[in-house]
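# Understanding the architecture of this molecule
This is what each chain is made of:
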Amino acid sequence: MRQSFVTAPKFELAFFHPRFWLTWISIVILYAISGLPYRLQTYIGKGLGKLLSILAKKRVQIAKRNLALCFPDYTPAQREQILAANIENAGMAILEASMGWWWPTWRIRKMAQFEGYEHIEAILAKGKGVLAYAIHNMNLEFAVRVAGLKNPSVAFYRKHNNRLMEYMQYHGRNRSNKYMVHKRDVRGLIQALNEGEICFYLPDQDYGRVKCEFVPFFAVQETATTTGSLLFAKEANCETVFLASIKTATGYKIKVVPGLENFPSGDDKEDVTRMNKMIESLVLEAPEQYLWMHKRFKTRPDKASPSFYN
């Protein structure tokens, strides 16, 4: 039996306090939009993207900087094209979250596509857990619900600061997850893998300089890359795959590719270097859908080095 998991938040009468009214308005609007035809939602998502370009200019600048760092060989026009589409996808991601939380299963099935899922099934057939290294495409909230059609999963969970949104977020995500463990509960995720669960882990974010190696990611030669992702593969009875959620012209595809051979090898630097190369190949399948608005290169090898984002 698992030792720990995130307990489901309960509905509180305090949610009717005026301080939550703005949150309620947002929830009602998103819920109403989620019931609209998908094509209409895509137009609304583009509109939200334009709104984000005005209200979240700092995030847009971060995305622009990341694209310049990663693709120096692209022309400015090529990068601007990716950026424009990325902003639209950021707007759509808001609606994709509500789709994932509230759509009925029959509607999810109509949008679901799978490629390479047999790699996960083969690992499960061996009685092992599946450690799925997922890249941080912006439709991931909806994609996890899609993946849950095949097998409910276990994932790290970070609580929302707003208690009402925490209630909505938890119960929305719990529609596709078997259960969730706290983001710092390493032992809990290892135990889930030992019990033969499918566990998602995002290795492509900047988690700081603790337990990391500085290795290439696209054209940035020294990118802080967590070695925490290797710990689970080392300690648990599991095998790894890589997973990308890609929005297509007709739905959302969960693409699964086999894990790396001789992994982990014992050479952490080499292992995360190979991991980043695999992530790059998946990002390039739909670069406009990737989370470029994250400060991926915030941690520098030399603390005294100037920030890429000033």
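Numbering of residues starts from 1 in each chain and follows the order in which that chain's sequence is written. Reporting of local features is limited, given that this is a predicted model, to residues whose pLDDT is at least 70; pairs of side-chain atoms are given and counted only at 80 or more, and all residues count toward the totals for whole chains, interfaces and linings. Heavy atoms throughout the structure, all of them, feed into the side-chain values; hydrogens and water do not.

With 6 of its 6 residues buried, strand S2 (residues 129-134) lies for the most part within the structure. One bridge is not enough; two strands pair if DSSP finds at least two bridges between them. Strands are runs of DSSP state E lasting at least two residues, helices are runs of H or I lasting at least four, and both sets are numbered from the N terminus onward. As judged from the 6 bridges shared by S2 and strand S8 (residues 238-247), these two strands associate in the parallel manner. If you follow Val130 over to S8, its bridge partner there is Glu239. Relative to strand S5 (residues 198-201), S2 runs parallel, the two sharing 4 bridges. Residue Leu131 lies in a different strand from S5, and its bridge partner there is Cys199. The buried label applies to any residue whose accessible area, calculated with a 1.4 Å probe on protein chains only, is under 20% of its type's maximum; exposed applies above 50%, and partly exposed to all values in between.

We now examine the layout of surface pockets. Computed over the protein atoms alone on a 1 Å grid, cavities are sets of points where a 1.4 Å probe fits but cannot get out and pockets are open sets with protein on both sides within 12 Å along at least five of seven lines; a residue lines them when it has an atom within 4 Å of a point. Grid points are joined across faces, edges and corners, and a volume is the space filled by probe spheres set on the points. Taken as a whole, the second largest pocket spans an internal volume of roughly 380 Å³. Forming the boundary of the second largest pocket are 17 residues, of which Tyr38, Thr42, Lys46, Lys247 and Thr248 lie nearest the centre. When residues are sorted by character, Ala, Val, Leu, Ile, Met, Phe, Trp, Tyr, Cys and Pro go into the nonpolar class, Asp, Glu, Lys and Arg into the charged class, and all the rest, Gly among them, into the polar class. In terms of residue class, the lining of the second largest pocket is built from 5 nonpolar, 7 polar and 5 charged.

This part takes up the packing of helix H9 (residues 186-194) against helix H10 (residues 228-235). Here an axis means a line fitted to C-alpha atoms, over the contact stretch when the element is a helix, while the angle between two N-to-C directions is reported on a 0 to 180 degree scale. The contact between H9 and H10 brings their axes to 9 Å, and the two run at 40°. The pairing of H9 with H10 is recorded here as oblique in orientation. Read as a crossing pair, H9 and H10 show a hand that is right-handed. Of the residues in H10, those in contact with Val186, Leu189, Ile190, Leu193 and Asn194 of H9 are Leu231, Phe232 and Glu235. In terms of residue class, the contact of H9 with H10 is built from 6 nonpolar, 1 polar and 1 charged. Orientation categories follow fixed angle ranges, with anything under 35 degrees roughly parallel, anything over 145 roughly antiparallel, 65 to 115 roughly perpendicular, and all other angles oblique. Note: crossing handedness is left-handed where the near helix turns anticlockwise from the far helix by less than a right angle, and right-handed where it turns clockwise. A contact between two residues is defined here by any heavy atoms of the two lying within 4.5 Å.

We define a salt bridge as a side-chain nitrogen of Lys or Arg found within 4 Å of a carboxyl oxygen belonging to Asp or Glu. Scanning all chains against the criterion turns up 14 salt bridges. In this structure, Arg173 engages Glu141 in a salt bridge whose closest nitrogen and oxygen atoms are separated by 2.7 Å. Of this pair, Arg173 sits in helix H8 (residues 163-173) while Glu141 sits in helix H7 (residues 140-147), placing them 32 residues apart in sequence. Exposure remark for Arg173: the relative accessible area of 24% places this residue in the partly exposed category. Residue classification places Glu141 among the partly exposed residues on the basis of a relative accessible area of 22%. Here the residues in one salt-bridge network are Glu115, Lys253, Lys255 and Glu285, joined through shared partners.

Turning to unusual backbone geometry, a few remarks are in order. Going from Phe263 to Pro264, the amide bond is cis rather than trans, its omega being -5°. With respect to the secondary-structure elements, Pro264 resides in the loop between strand S9 (252-258) and helix H11 (268-283). Positioned with a positive phi, Lys211 is a non-glycine residue whose angle comes to about 55°. Checked against the element boundaries, Lys211 lands in the loop between S5 and strand S6 (212-217). A positive phi is found at Phe218, a non-glycine position, where the angle reads about 55°. Summarising the element assignment, Phe218 is placed in the loop between S6 and strand S7 (220-226).

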